[in-house]
Amino acid sequence: MNMPKKATQVKETKPPKVKAPAAEDQAKKKPKTPQLVRGMRDILPEDQPYWRRCYEVAQKLADEFGFERIELPVVEPEELFVRSVGKTTDIVEKEMYVFEDSEGGKLALRPEATASFCRSYIANGLMSRPQPQKLWLWGPMFRHDRPQAGRYRQFFQADYEVIGDASPVADAQVILLTYLFFTELGLNVEMHINSIGSPEDRSRYKMELVQWYRTRKKGLCENCQKRLVRNPLRLLDCKEPGCAEIRKDAPQILDWLSTEAKEHFMHVLEYLDELGIPYFLDPFIVRGLDYYTKTVFEFVAVGAQDKAQIALCGGGRYDLLIEQLGGKPTPACGVAPGIDRAVIAMKEQNVTLPPAPKPQIFVAQLGEQGRRRALALYNRLREAGFVLAESFAKDSLKTQLDNANQKGIPYVLLVGQREVMDNTVIIRDMESGNQEIVDYQKIVNEMKKKFK
Ligand code: AMP
């Protein structure tokens, strides 16, 4: 449709004055970035070499000791943790993320994984497979604790569990694996070990402990005064200096163990002696979770800056848990190294990581056609096993060569429009500056010859 031509004279008018938006208004319009949730954190690329190293060692040891990988959900029924970790523990009382889903069930983000292993063992009938079942996982745990250095609301653990073996050799194997995990990461660690016997041993000991603490109640921190009534064993691992001082003279659980628990513990220590793994007998390690029986242990980083957060892992035996969760009586033990803290310790102890593989070839390009060919070339070289680098986002050849230079890459392969037409590639030796032109089809072989 033809628009009618108008010859109207337009009177020049001044544009209406538009009020410049106040800085405040402008700020309002700028979309706000949602905040990181308190206690959560991003683990950025510069930290990943440490995390990768931890995973490599965790996986290698799992293979060497015959642990099979298992994946378990991060969401479980709240009840699972209430019945296993224990109603009066800090984790269940204060730290669990609990929510109701639309179907009305009370769910929790897992604060730890041992209970989930047991649920899965029962639900999947793993007792009918060869025993013991040796399983491991790696994943995030969630605790709504007060955040501080080394204490996060989402943190990662590797978990190793031996389910279906009552013998002390299982405890010793788990401890050996843990010891190797930290030492192969290059960490200087100490192991603290104790036995907390059976529930009967513990209840006799608890009576004695409460009696002993009653006359010393005034010197305890507020938390411990409550613990005296609700969970007296936790008095023993309070980190407050006043409580630690009082505890020095407290009765020790080893004196209240049954003969069976004592013998089990002696055997575990004999295995450790045979292996040459050093340990401290520590009567105050009781662990904060209800399900432990007999052996309990922790590894700590030597010389850590923050003494309150030095526990690198917690582990021990939990012979009654599977039965408590509705399974057949099944003895078990395990350990959970905390990865966030292992990484902190690696940095504090200046651990050197194995160097990352250095790129051998930089693939450079010029022009749109060159870029298209360059990506295909990159893929061919990748398939042939070369370690590569590129700056495909850059147009300038100089910038690309500078990048290659900064990274100390010995060869740049260059493809421009001309090379695409001729079906060739330019090889530039970065040290001598010499260039040669090679047939595109022969480039992989040519490069192999250079790295012979
Ligand atoms: P637990 O399950 O309490 O025995 O913890 C085992 C290990 O997990 C600890 O020794 C820590 O290394 C790690 N861990 C526990 N809680 C946290 C947390 N809130 N932040 C970071 N690491 C943690």
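None of these values were measured; they are calculated from a predicted model. (Residues numbered from 1 in each chain as written. Predicted model: local features only at pLDDT ≥ 70, side-chain atom pairs only at ≥ 80, totals over all residues. Heavy atoms only, no water.)

**Notes on the packing of aromatic side chains**
Quick note on the threshold: Note on aromatic contacts: the rings of Phe and Tyr and the six-membered ring of Trp form a pair at centre separations within 6.5 Å, being stacked when their planes are under 30 degrees apart, edge-to-face when over 60 apart, and tilted otherwise. Under the scheme used here, helices are H or I runs from DSSP no shorter than 4 residues and strands are E runs no shorter than 2 residues, and both carry numbers assigned from the N terminus. Whether a residue is buried, partly exposed or exposed follows from its accessible area with a 1.4 Å probe, protein chains only, as a fraction of its type maximum: under 20%, in between, or over 50%, in that order.
By the definition in use, this model includes 14 aromatic pairs. Taken together, a centroid distance of 4.9 Å and an interplanar angle of 55° make the contact between Tyr291 and Tyr292 tilted. Each ring, one from Tyr291 and one from Tyr318, has its centre 5.7 Å from the other, and the planes form 65°; the classification is edge-to-face. Highlighted residues: Tyr291 in the loop between strand E8 (280-281) and strand E9 (293-301) and Tyr318 in the loop between strand E10 (311-317) and helix H11 (321-324), separated in sequence by 27 residues. For the pair Tyr291 and Tyr318, one class covers both residues: buried. Within the aromatic cluster, the residues linked to one another by ring pairs are Tyr55, Phe67, Trp136, Trp138 and Tyr160.

**Topic: the sheet that holds strand E14 (residues 411-415)**
So the rule is basically this: For two strands to be treated as a pair, DSSP must find at least two bridges joining them. Axis lines are fitted through C-alpha atoms, for helices just across the contact stretch, and the angle between N-to-C directions can take any value from 0 to 180 degrees.
Taken together, 5 strands build an open sheet; the order of strands is E13-E12-E14-E15-E16 and the sheet is mixed. Strands with a single pairing partner mark the edges of an open sheet, and in this sheet they are strand E13 (388-390) and strand E16 (435-439). Between one strand axis and the next, the sheet turns by 30° as a mean value, whatever way the strands run. For strand E12 (residues 361-365) and E14, the ladder comprises 5 bridges, and the chain directions are parallel.

**A closer look at the site of the ligand**
Worth spelling out the cut-off: For each residue, the test is whether any non-hydrogen atom lies within 4 Å of the molecule or strand; if one does, the residue is near. The term polar contact refers here to a pair of N or O atoms within 3.5 Å; inside protein, the definition further demands a hydrogen-donor-capable atom paired with an acceptor-capable atom, and it admits residues adjacent in sequence only when both atoms are side-chain atoms. The accessible surface values rely on the Shrake-Rupley method and a 1.4 Å probe; as for residues, cover is taken only from the protein chains in view. Put simply, Ala, Val, Leu, Ile, Met, Phe, Trp, Tyr, Cys and Pro go in the nonpolar bin, Asp, Glu, Lys and Arg in the charged bin, and everything else, Gly too, in the polar bin.
Near the ligand lie 14 residues; those nearest to it are Arg143, Tyr152, Gln157, Arg287 and Leu312. Arg143 is positioned with one of its side-chain polar atoms (N or O) 2.7 Å from an oxygen atom of the ligand. With respect to the ligand, the backbone of Tyr152 contributes an N or O atom lying 2.9 Å from a nitrogen atom. Across the complex, the protein chains shield 91% of the 490 Å² of accessible surface that the ligand would expose by itself. In terms of residue count, the dominant contributor to the shell around the ligand is E10 (4 residues). Among the residues making up the shell around the ligand, the classes are represented as 6 nonpolar, 4 polar and 4 charged.

**A closer look at the confidence of the model for the protein chain**
Rule in force here: Looking at any residue, its pLDDT shows the predictor's confidence there, from 0 to 100. Contacts: residue pairs with any heavy atoms within 4.5 Å of one another.
Summary statistics for the protein chain give a mean pLDDT of 92 and a share of 93% for residues scoring 70 or more. Within the model, pLDDT remains below 50 along residues 1-12, and this stretch shows 0 contacts once partners closer than five positions in the same chain are excluded.

**A word on the sheet that holds strand E5 (residues 133-142)**
Sheets are built from strands paired through backbone hydrogen bonds, the pairs being either parallel or antiparallel. Pairing within the open sheet is mixed, and its 8 strands lie in the order E1-E5-E6-E11-E10-E9-E7-E8. A single partner strand is all that each edge strand has here, and the edge strands are strand E1 (68-69) and E8. Where E1 lies against E5, 2 bridges are found, and the strand directions are parallel. Paired with Arg69 across the strands is Trp136, a residue of E5. Along the sheet face, helix H2 (residues 48-64) touches E1, E5 and strand E6 (154-163) and points at about 160° away from the line of E5. Helix H12 (residues 339-348) rests against E5, E6, E9, E10 and strand E11 (332-337) of the sheet, and its axis sits at about 110° to E6.

**Focus: helix H6 (residues 168-184)**
This is how the line gets drawn: Helix span, expected: 1.5 Å multiplied by one less than the number of residues in the helix.
Over its 17 residues, H6 extends 24 Å from the first C-alpha to the last, a length consistent with the 24 Å expected when each residue adds 1.5 Å. Among the residues of H6, those classed as buried are Pro168, Ala170, Asp171, Ala172, Val174, Ile175, Leu176, Leu177, Thr178, Phe181 and Phe182. The opening residue of H6, the one whose side-chain oxygen lies 3.0 Å from the backbone nitrogen of Val169, is Ser167. Phi turns positive one or two residues past the end of H6, at Gly186, with a value near 90°.

**Quick look at the pattern of salt bridges**
The cut-off we apply is this: Any Lys or Arg side-chain nitrogen found within 4 Å of a carboxyl oxygen on Asp or Glu counts as a salt bridge.
Taken as a whole and judged by the stated rule, the model has 28 salt bridges. Notably, a salt bridge pairs Glu56 with Arg53, separated by 3.5 Å at the nearest N-O pair. One end of the pair, Glu56, and the other, Arg53, are both in helix H2, 3 residues apart, so they sit about a helical turn from each other. In this structure, the salt-bridge partner of Lys449 is Glu446, at a minimum N-O distance of 3.1 Å. Of this pair, Lys449 and Glu446 both sit in helix H16 (residues 443-450), separated by 3 residues, roughly a single helical turn. One network of salt bridges, with partners in common, ties together Asp171, Glu260, Lys294, Arg317 and Asp319.

**Observations concerning unusual backbone geometry**
Following Gln131, the chain continues into Pro132 via a peptide bond in cis, with omega recorded as -5°. When you line up the elements, Pro132 lands in the loop between helix H5 (114-123) and E5. Positive phi is not limited to glycine here, since Asn350 has a value of about 50°. Here Asn350 shows up in the loop between H12 and E12.

**Regarding the environment of Glu100**
Relative to the elements of secondary structure, Glu100 occurs in strand E3 (residues 98-100). With 30 residues separating them along the chain, Glu100 and Ile70 place their C-alpha atoms 26 Å apart. In contact with Glu100, other than residues within four places in its own chain, are Gly105 and Lys106.

**Some points on the nonpolar core**
Condition: Buried Ala, Val, Leu, Ile, Met, Phe, Trp, Tyr and Cys residues form a nonpolar core when they are joined through side-chain atoms within 4.5 Å.
Ranked by size, the top nonpolar core spans 52 residues in total, and within it Phe117, Tyr213 and Leu236 carry the most contacts. The element best represented in this core is helix H7 (residues 199-214), accounting for 5 residues. In this structure, Ala58, Trp136, Ile277 and Val300 belong to the second largest nonpolar core, which totals 48 residues.

**Regarding helix H14 (residues 397-406)**
Basically, it comes down to this: Working definition: the arc comes from the directions between the helix axis and the C-beta atoms, pointing outward to the latter.
Buried within H14 are the following residues: Gln400, Leu401, Asn403 and Ala404. One face of H14 carries all of its buried residues, which in axial projection span an arc of 155°. Among the exposed residues of H14, those oriented more than 90 degrees off its buried face are Lys398, Asn405 and Gln406. Backbone nitrogen of Lys398 and a side-chain oxygen of the N-cap are separated by 3.2 Å at the start of H14; the cap is Ser396. Just downstream of H14 lies Gly408, where phi reads positive at about 65°.

**Describing the packing of helix H13 (residues 367-383) against H16**
Quick reminder of the rule: Here the word oblique covers every angle except those under 35 degrees (roughly parallel), over 145 (roughly antiparallel) and from 65 to 115 (roughly perpendicular). What makes a crossing left-handed is the near helix being turned counterclockwise from the far one by less than a right angle; a clockwise turn instead makes it right-handed.
Between H13 and H16, the shortest axis-to-axis distance is 10 Å and the interhelical angle comes to 50°. If you check the angle between H13 and H16, you find them oblique. Regarding H13 and H16, the two cross each other, and that crossing is right-handed. Contacts between H13 and H16 involve Leu377, Arg380 and Leu381 from the first element and Ile443, Val444 and Met447 from the second. The residue makeup of the contact of H13 with H16, split by class, is 5 nonpolar, no polar and 1 charged.

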